[in-house]
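Overview (structure and organization)
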Amino acid sequence: MRRESNGFILVSVLLAATMLLTSATAFAWFARTEARIAASRENILKFRGVAEIAVNALSKMINDDKNGYDSMTEELYARTTKLSVGNYEINAQIRPLNDKISVSGLLLPDGVTIRSEYETAWQRIWEELELPDLAASVIDFIDKDESQKLGGAERESNINRLVSDLNELKAMEEINDGVLWGTKERAWGLARYLDVPGGQKININVARPEMLAKLDEALSLSHAQNIASYALVSPIKSIEELRRVPGFPASLATKLVNVIGFESTHFLLSLNVRDKTGNQRNYRVVVQRGSSGIFSWEE
């Protein structure tokens, strides 16, 4: 009986030792995992801090560009800008935006009425998407009142404010990723013509010909392509210069003066941040000229 008791005690001790060993191993694994997570978080924060310093420096370069126009032919935007912050190297590409209709510039200051200069373009965009009935419904979705427009639709799901991201439009049952971004059959969507950052005016020096051709029926795609080609060689700085561009219907200059510009208010910064060991992170940041704030940040 005593021998059996000793054996039971030995088994109990072995079980207890195994449990302690297992617990110690689990704790060590947990501690190492937590340490790796903490180190990873610290690394992410360091990279982000470096990126923020780079964004501030690039924003200053943009603010110092006061030549009256923004074009991809300018050295600041045509080349990659290289910066060093401590042990980090940054490669940055700056792209002037305002190349599309901005959500914030689509409506008049009353927040309800679409700008008359954009009415034709807005309708033609939705016709090209083969969803012409959505032109008025989307305006009802984003305008600030609850009165239904002719051909529109006021619904409980309407947000009645400007969207901060185009994906918010998917709250409308008729709009999906295909409508916004394109499908296999159609490689483009609404985002080809509409953007969130920007202002009232489209920068004619960086806008795609397809966008310019939508502004008025008198401006054909071939005319718009001529304008885009001209701007690549000699950036346009004023309405007077625009009137002299071959292929631009001079009468349109006065009609579109409130929605055509030559500078950008917003810029996309594409950053690659790399440390000495080869670790790297990428960022897409939108900044606004003359503002110390960041419009949007992706990483």
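From a predicted model like this one, the values you see are computed outputs, not experimental measurements. (Residues numbered from 1 in each chain as written. Predicted model: local features only at pLDDT ≥ 70, side-chain atom pairs only at ≥ 80, totals over all residues. Heavy atoms only, no water.)

Topic: the overall build of the chain
Our working definition: Comment: elements are numbered from the N terminus, with helices defined as DSSP H or I runs of at least four residues and strands as E runs of at least two. Each residue's exposure class comes from its accessible area (1.4 Å probe, protein chains only) as a fraction of the maximum for that residue type: buried when under 20%, exposed when over 50%, partly exposed otherwise. Residue contacts follow a heavy-atom distance rule, with two residues in contact if any of their heavy atoms lie within 4.5 Å. For the area figures, the Shrake-Rupley method with a 1.4 Å probe applies, and any residue is considered shielded solely by the protein chains shown.
When you go through the chain residue by residue, the secondary structure sums to 10 helices and nine strands. Looking at the 299 residues of the chain, the share that counts as buried comes to 41%. Contacts in the chain between residues far apart in sequence, at least 24 positions, make up 57% of those at least 6 positions apart. As displayed, the chain has an accessible area near 16,400 Å², and 54% of this comes from carbon and sulfur atoms.

Digging into the side chain of Arg115
To be explicit about the condition: His residues and chain termini do not enter the charge count, which takes Lys and Arg as positive and Asp and Glu as negative. Criterion for a salt bridge: a side-chain nitrogen of Lys or Arg within 4 Å of a carboxyl oxygen of Asp or Glu. Pairing of N or O atoms within 3.5 Å defines a polar contact, subject to two protein rules: one partner must be a possible hydrogen donor and the other a possible acceptor, and residues neighboring in sequence count only if both atoms are side-chain atoms.
Looking at the element boundaries, Arg115 is found in the loop between α3 (103-106) and α4 (116-128). No salt bridge is formed by the buried Arg115, whose closest oppositely charged neighbour, Glu117, lies at an N-O distance of 5.6 Å. A polar atom in the side chain of Arg115 sits 2.7 Å from the backbone oxygen of Gly105. Filtering out sequence-adjacent residues up to four positions away, Arg115 remains in contact with Gly105, Leu106, Leu107, Leu108, Pro109, Gln200 and Val259.

Quick notes on the packing of aromatic side chains
Selection criterion: Note on aromatic pairs: the rings of Phe, Tyr and Trp (six-membered ring only in Trp) are paired at centre separations within 6.5 Å, and the planes decide the class, stacked below 30 degrees, edge-to-face beyond 60, tilted for the rest. By definition here, charges over rings are those cases where NZ of Lys or CZ of Arg is within 6 Å of the ring centre and within 35 degrees of the ring normal.
Counting across every chain of the model gives five aromatic pairs. Relative to Phe267, the ring of Tyr77 lies with its centre 5.7 Å away and its plane at 25 degrees, an arrangement referred to as stacked. Note that Tyr77 is positioned in helix α2 (residues 75-78) and Phe267 in strand β7 (residues 266-275), a separation of 190 residues in sequence. Grouping residues by exposure puts Tyr77 and Phe267 together as buried. On the basis of an interplanar angle of 80 degrees and a centroid distance of 5.9 Å, the ring pair of Trp188 and Tyr193 is categorised as edge-to-face. Take Trp188 and Tyr193: they sit in the same class, and that class is buried. Above the plane of the ring of Trp188 lies Arg186, whose end atom (NZ or CZ) is 5.4 Å from the centre.

As for the pattern of salt bridges
Where charged atoms from two side chains of opposite charge come close, those side chains can pair. Within this structure, the stated rule accounts for 21 salt bridges. Note that Arg208 and Glu210 form a salt bridge whose closest N and O atoms lie 3.6 Å from each other. Salt bridges sharing common partners tie together Glu128, Arg192, Arg208, Glu210 and Lys214.

Details of the packing of α4 against helix α5 (residues 134-142)
What counts is decided by this rule: Here the axes come from fitting lines to C-alpha atoms, over the contacting stretch only for helices, and the angles between their N-to-C directions go from 0 to 180 degrees. Note on residue categories: nonpolar means Ala, Val, Leu, Ile, Met, Phe, Trp, Tyr, Cys or Pro, charged means Asp, Glu, Lys or Arg, and polar means any other residue, Gly included.
The interhelical angle for the contact between α4 and α5, taken along N-to-C directions, is 120 degrees, at an axis separation of 9 Å. Between α4 and α5, the contacting residues are Trp122, Gln123 and Trp126 on the first element and Leu134, Ala135, Val138 and Ile139 on the second. Across the contact of α4 with α5, the residue classes tally to six nonpolar, one polar and no charged.

Digging into the sheet that holds strand β1 (residues 81-85)
The condition that has to hold: For two strands to be treated as a pair, DSSP must find no fewer than two bridges joining them.
An order of β1-β2-β7-β8-β9 is seen for the five strands of this open sheet, with the pairing classed as antiparallel. This sheet does not close on itself; its edge strands, each paired only once, are β1 and β9 (294-298). On average, each strand axis in the sheet is tilted by 25 degrees relative to the strand beside it, whichever way the strands run. Across four bridges, the pairing between strand β8 (residues 280-288) and β9 is antiparallel. Note on β9: the bridge partner recorded for Val286 is Ser296.

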